[in-house]
There are 6 protein chains.
Amino acid sequence: MGKKVVTFGEIMLRLATPGYSRFIQAERYEASYAGGEANVAASLANYGMNACFVTKLPSNDIGQACRGFLRKYGVNTEYIRMDGERLGTYYLETGASQRPSKVIYDRADSAVAKIIPGDIDWEAVFDGAELFHFTGITPAISDTAAEVTLEALKVAKRKGITVSCDFNYRKKLWSREKAKKVMSELMAYVDIGIGNEEDAEMVFGIQGAHTDVTAGQLDIDGYQQVAEELINRFDFKKSCHYVKGKLFGLGQWMVSTAL
Amino acid sequence: MGKKVVTFGEIMLRLATPGYSRFIQAERYEASYAGGEANVAASLANYGMNACFVTKLPSNDIGQACRGFLRKYGVNTEYIRMDGERLGTYYLETGASQRPSKVIYDRADSAVAKIIPGDIDWEAVFDGAELFHFTGITPAISDTAAEVTLEALKVAKRKGITVSCDFNYRKKLWSREKAKKVMSELMAYVDIGIGNEEDAEMVFGIQGAHTDVTAGQLDIDGYQQVAEELINRFDFKKSCHYVKGKLFGLGQWMVSTAL
Amino acid sequence: MGKKVVTFGEIMLRLATPGYSRFIQAERYEASYAGGEANVAASLANYGMNACFVTKLPSNDIGQACRGFLRKYGVNTEYIRMDGERLGTYYLETGASQRPSKVIYDRADSAVAKIIPGDIDWEAVFDGAELFHFTGITPAISDTAAEVTLEALKVAKRKGITVSCDFNYRKKLWSREKAKKVMSELMAYVDIGIGNEEDAEMVFGIQGAHTDVTAGQLDIDGYQQVAEELINRFDFKKSCHYVKGKLFGLGQWMVSTAL
Amino acid sequence: MGKKVVTFGEIMLRLATPGYSRFIQAERYEASYAGGEANVAASLANYGMNACFVTKLPSNDIGQACRGFLRKYGVNTEYIRMDGERLGTYYLETGASQRPSKVIYDRADSAVAKIIPGDIDWEAVFDGAELFHFTGITPAISDTAAEVTLEALKVAKRKGITVSCDFNYRKKLWSREKAKKVMSELMAYVDIGIGNEEDAEMVFGIQGAHTDVTAGQLDIDGYQQVAEELINRFDFKKSCHYVKGKLFGLGQWMVSTAL
Amino acid sequence: MGKKVVTFGEIMLRLATPGYSRFIQAERYEASYAGGEANVAASLANYGMNACFVTKLPSNDIGQACRGFLRKYGVNTEYIRMDGERLGTYYLETGASQRPSKVIYDRADSAVAKIIPGDIDWEAVFDGAELFHFTGITPAISDTAAEVTLEALKVAKRKGITVSCDFNYRKKLWSREKAKKVMSELMAYVDIGIGNEEDAEMVFGIQGAHTDVTAGQLDIDGYQQVAEELINRFDFKKSCHYVKGKLFGLGQWMVSTAL
Amino acid sequence: MGKKVVTFGEIMLRLATPGYSRFIQAERYEASYAGGEANVAASLANYGMNACFVTKLPSNDIGQACRGFLRKYGVNTEYIRMDGERLGTYYLETGASQRPSKVIYDRADSAVAKIIPGDIDWEAVFDGAELFHFTGITPAISDTAAEVTLEALKVAKRKGITVSCDFNYRKKLWSREKAKKVMSELMAYVDIGIGNEEDAEMVFGIQGAHTDVTAGQLDIDGYQQVAEELINRFDFKKSCHYVKGKLFGLGQWMVSTAL
């Protein structure tokens, strides 16, 4: 088996209406499971790595179905804690023509939102691992999820494991102020920072010169400058930026975010 | 349009695996909406009555889809309050041979569980109504749902509307003690009591003579006696009992509990 | 509830092959119900109005299923007459690449085609209504449907209700000559005329200057002129024209023609 | 290829709700094509015979799809006349538990109901054929369908072809009086009569002794007697009766009536 | 019935994942049957010809289902030999965006790959036929399939039937050397050659001037020249070429290669 | 993770028609993967064991999909060799009423049928294992599969691992004579024998007294006797027998043979 990598975050039941049908028309939902960190694990497993996804799932058949789904795609699920009440859920209606897609979240009080320090044996998780990857979604789920993220980072740091973080600011989950406070503390443990111009501005207040997101103006030099400022501020070894979906910068980890 | 009747309670999104497939096998879920009081309304609407179902639904597309579902079956939805966060959900796996069916509830913190007195304009709801029907599930959902049930009953009583209640004890939602306390208070407003031997014993501590539910022994005379004791204790005008699925007793309302 | 509006016409069972499959390949049909006036009612109901759709449906389960479908989308169905033999049907095969879509109608002798004056209590229908909308399809269905349209218009006029008409010429249902004769008589009751260059030419013989539909030449001034001629001839209060799918002109009613 | 046999009658589009769902719940219909005489042809084709089904189908894609369906099961469709407006349709809802199945017919004015003498080249159809089979449904469809049945029988008789008839009385299509009049005339050309006690009584007024269909009393001797009376009255060579689904009597043709 | 034409080749069970889903996601496969020569027969049958498809199918229900599929589309299947072990199969995953479609063949040892001279009564097959069409796929299936193709061609030639061949080089089935050897021998019997620049180069080593397939350069004059060289070398009466999907050249047979 | 157990055998793609539809009606197939030894592994994984299934799968997407299917159910797939041409397939049509189910196998030349000694690193497979389970199907697949079974047994024996075998005679795969010869040699390594009266008689020629399978006569004492004879002949530690689906005998391993 390949290199051991670890990702940590939330995975949700994704209930999508069939084809382009509206919520009111849906007599059935296509069911799968998705989450940024789980998707990264599935993608790395597909490339042959020992990709471990860490989360907390409800100890019922829905949690087990989710775990089976991850296993199918080769993800190592041995460190998932099966102990909680509910799995976060979201409903998806795919748009058509000028009608946009809609997402309705129902993720409050999920098992992973109620995770607490001590729930995961991080020593065992990181034993032999080379990389730990998380995103800005994980600490945004709940205060305790942020605490567990910090707990994981401290163990990873002590064990000398490379840490990557996709900033991924989610305004529905927390405010810019709280994001800045929590994320800045976590950055002390991060070696590779991944993000785009919105994340840099929303989370860390770093704005690229000659770049106006609202007006759709992008400046490559401005991005280089944002990357450098992030590297300087947080002592990143590497920093990656996405410009309109194209990877720009210094990253070496190719991560897929869709199963 | 026929007689105006009112039912009040919770309706949930019902996600059922296709055919007899297991949760772990399900790549899609059949979606419908169900709840004891909503089913009664749908059944009465089918018989031509102006059946009003009262509840609180989330003010999003899932809530609207639920409302549309009720309307399709002719239920009057004008008194439903669209204002809340989430719709209660349950997952169903149909059993086969010796494998039993499984139900997984995910109903905590639903919009109707967070209903508070004042949310519903009961004066308007009961204007012109002849019957108000609720079940023991409604006050079990949450303390505020119990308060709103009482609020409704007071208005119904004042307006001289006949009130029926299906005791329907749900042990997953509350204890026998709490059920007894809350339900006994509500019975003061009830004209027609509907239940079976388990409800009578679990909620009100009334046990039929010569009847042992665990041992499967049933005694018709015992049931008559239970009905009479209920009538005496709560001053019911009428009381209905179900014995092994067959209506036995004094009831005049034919209620269907399945769409 | 919002403003009361009334539409009148035919709704048909729409049987569509799945995806892009051909009729000969179809082992199942997607079933829904559609019709220009019903779609307008559904759209207005979606905007919160008390949208009443008037038609005649067969007094069997297919008619009831159609009525339930309308209710689901919030349409007020209380004035629909359930009394007839059959529901008009059409089969749809969606095209792909250079293969065009195909529609096969089977609508002769539908319940609404056999509607007769007196079937609908227009006094009740228009009680409190602000708008009556119909299309050129309705009087084209049958001679009696045209008579009932006239009957409705007379009541609407007497009650001072605004009347809108989408000319919507259907060559499969009647000749240009008959359309002109019938529609011209009905226009005396219409306040708002909606149409495109084809309708104006086919039904009323009004052709826009510098406009050649066959050659694909369109002239905005020509459209203005057609609108003015329609207003002059029929004393419309307003007239709307569609140019290549974009509304051009004087209309104030936003009507959607697709569920 | 095996023996040439000919059947003549109506085939309809069969639209069935999925599983046990109700009409009001159906968002799609399973589509197939069925008819007593077509089913017999399909069954005989399955046994290797050159089974020709004769009917009239609409000259559109629905008619062609129906023809393709028959061909798939090996039925010889070369004598089908493709020339008409519509295909008869019926809707089926499969019952469950105490809820019975429902069938809604929409078959008026089908292509085959409008068949007229001369539409079919019976000389060609019967060239080389050994058996002609029809049922009591075919002449019940319309007066002209009865005329064409007689036309076919005369040619078959002249060519010395064995003729079988399943009486199959359908009360929705004609009265007992009309059935008796028409069928009695056709019996002059029939060699093999197939039926049950209801057919014998409803169509020909022949009642078995000691048999009371309503009361569920059946008497084997009574059946023998009915068969003999039919043979005597119509000079059948053979007569078959079905008693509660089991073939009883003299028949030699094994016919399946379900694809 | 129209002109009798004959095609000969392999037809396979086509198992396609639903929509754009991946093989690993597929819980079901859409099943149909396809093959170049069968598709030509189906297309010609659709135009009213007596199109006979000749092949060898397994003598089991899968073979019979394949035969029924062909019949549905009007193909004459009377010359198909039902006698073999297995039907060739292929799995299809439709691509999306930058992800290409994938085809996985499982066609070794199919019934038609094991066909041997004498299996087909070519005298009967070609009786009354006007055209025989095959492709370069048929002789590539197996050595015996190539022998049977030659056997067919000799009979067709003797009977004066026009022969057309679509060269259709399949590198997964044979080498360029073997293709050249076998195909060159068969060309002696061919009147109409159909192909594109790749076939001409891969099978016969004929390259168009100023044409570089790899670089995407195409030259119409070069194609004319290739066609002429093919006509000269093999004494074709006619030769057709396809340039980027558009027919260019001398062909008179319109052949569709997709059902 | 629980005890390590190993099973070895063939897993096939199972293509089942939907519901009760016939092969000729099937426009799609439900796809799953099944095999006696894989099912045992899935069942034991469900009970929490480290259940390793060993086989050889094609090195294409179909093989990978099969591996993902096993992983979903928690089976350890790390010892599966991905290197071969095709996956065995079988088609299933579920019977209804008096129509029996049909199975059509297409399993010749599967990857596992072409397995050869050396393909599997049995030392690694059995490292830490407590049980090795196989069935009489595995050595019946091909001569080399039988050789590899023997190879596995020798390593298991040397490592002191308990071995169980379900005799499972498959007459379509080999003769009684060959089964007896091969299986008798393998029994030298087996500790636990599992079978029924048919297996004992067909494979080893051991018949229970007073038992006549054809006549449906069963005798419990006879079974005890068969078990004892098997134990004596092959020096089994334990022997299990199934009588009409109920486990009878000495077994301690509960094995499920259906996912």
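Summary of the structure given here. (Residues numbered from 1 in each chain as written. Chains lettered and ligands numbered in written order. Predicted model: local features only at pLDDT ≥ 70, side-chain atom pairs only at ≥ 80, totals over all residues. Heavy atoms only, no water.)

What to know about the interface of chain B and chain A
Under the convention used in this document: Contacts between residues were defined by any pair of non-hydrogen atoms, one from each residue, lying within 4.5 Å. A simple way to read buried area is as the amount of 1.4 Å-probe accessible surface that goes missing from two parts once joined, with both sides added. For this document, the term salt bridge refers to a Lys or Arg side-chain nitrogen within 4 Å of an Asp or Glu carboxyl oxygen. Here a helix means four or more residues in a row that DSSP labels H or I, a strand means two or more in a row labelled E, and each is numbered from the N terminus.
Of the residues lining the interface, 25 residues belong to chain B; the matching set on chain A comes to 25 residues. Of the roughly 2,100 Å² buried between chain B and chain A on both sides combined, carbon and sulfur atoms contribute 53%. Counting every contact that joins chain B to chain A gives six salt bridges. Sorting the residues of the side of chain B that touches chain A by element identifies strand 2 (12–16), strand 3 (28–34), helix 2 (61–72), strand 7 (89–93) and strand 8 (102–106) of chain B as the ones contributing at least two each. When residues of the side of chain B that touches chain A are assigned to their parent elements, the largest contribution, five residues, is made by helix 2 of chain B.

Concerning the packing of aromatic side chains
For the record, the criterion: Aromatic rings from Phe, Tyr and Trp, taking only the six-membered ring of Trp, are treated as a pair when their centres fall within 6.5 Å; an angle between ring planes under 30 degrees marks them as stacked, one over 60 as edge-to-face, and anything in between as tilted. Relative accessibility decides the category of a residue: with a 1.4 Å probe and only protein chains considered, values under 20% of the type maximum give buried, values over 50% give exposed, and everything between is partly exposed.
Applying the stated criterion across every chain yields a total of 78 aromatic pairs over all chains. Note on Phe-167 of chain D and Phe-204 of chain D: the rings are 5.2 Å apart at their centroids and 85° apart in plane angle, and the pair reads as edge-to-face. Highlighted residues: Phe-167 of chain D in the loop between strand 10 (162–166) and helix 6 (176–186) and Phe-204 of chain D in helix 7 (residues 197–204), separated in sequence by 37 residues. Taken individually, Phe-167 of chain D and Phe-204 of chain D each receive the classification buried, so the pair is uniform in this respect. A connected cluster of aromatic rings, assembled from ring pairs, spans Phe-8, Trp-122, Phe-126, Phe-132 and Phe-134 of chain A.

So, the side chain of Asp-166 of chain D
Residues and elements named next belong to chain D. This is how the line gets drawn: When charges are tallied, Lys and Arg are placed among the positive residues and Asp and Glu among the negative ones, while His and the ends of the chain are skipped.
Relative to the assigned elements, Asp-166 resides in strand 10. Buried and without a salt bridge, Asp-166 has Arg-170 as its closest oppositely charged side chain, separated by 8.2 Å. In this view, Asp-166 contacts His-133, Phe-134, Thr-135, Gly-136, Ile-194 and Asp-199; residues no more than four positions away in its chain are not counted.

Things to note about the sheet that holds strand 7 (residues 89–93) of chain F
The strands that make up a sheet pair up through hydrogen bonds in the backbone, lying either parallel or antiparallel. Test applied: Any two strands with at least two DSSP-identified bridges between them are counted as paired. Helix axes are fitted only over the stretch in contact, all axes being lines through C-alpha atoms; the angle between N-to-C directions runs from 0 to 180 degrees.
Strand order in the open sheet formed by eight strands is 8(E)-7(E)-2(E)-3(E)-3(F)-2(F)-7(F)-8(F), with mixed pairing between adjacent strands. Every interior strand has two partners, whereas the edge strands, strand 8 (102–106) of chain E together with strand 8 (102–106) of chain F, have only one. Across the sheet, the mean angle separating the axes of adjacent strands is 30° when strand polarity is ignored. Sheet topology note: the strand 2 (residues 12–16) of chain F/strand 3 (residues 28–34) of chain F ladder contains five bridges and is antiparallel. Residue pairing for strand 3 of chain F: Leu-13 of chain F is matched across the bridge by Tyr-33 of chain F. Sheet contacts for helix 2 (residues 61–72) of chain F: strand 3 (28–34), strand 7 (89–93) and strand 8 of chain E together with strand 3 of chain F; angle to strand 3 of chain F, the most-contacted strand, approximately 65°.

Thoughts on the relation of the copies chain B and chain A
So the rule is basically this: We superpose the copies by least squares over the C-alpha atoms of residues that have a pLDDT of at least 70 in both of them.
Between the two copies, chain B and chain A, the superposition gives an RMSD of 0.0 Å; the rotation angle is 180° and the shift along the axis is 0.0 Å. The superposition operator between the copies reduces to a two-fold rotation axis. Among all C-alpha atoms of chain B, that of Tyr-29 of chain B lies closest to the rotation axis, at 2.6 Å. A shared interface surface links the copies, since 100% of the contact residues of chain B are contact residues in chain A too.

As for helix 6 (residues 176–187) of chain A
Given 3.6 residues per helical turn, the α-helix brings residues three or four places apart onto the same face. Residues and elements named next belong to chain A. Note the following rule: A helix is expected to reach a length of 1.5 Å times the quantity of its residues less one. The arc under discussion is defined with respect to the helix axis, by the directions toward the C-beta atoms.
The first and last C-alpha atoms of helix 6 sit 16 Å apart over twelve residues, in line with the 16 Å expected at 1.5 Å per residue. Every buried residue of helix 6 is listed here: Ala-179, Val-182, Met-183, Leu-186 and Met-187. Along the axis of helix 6, the buried positions cluster into a sector of 140°, meaning they face one direction only. Facing away from the buried side of helix 6 by over 90 degrees, the exposed positions are Glu-177 and Lys-181.

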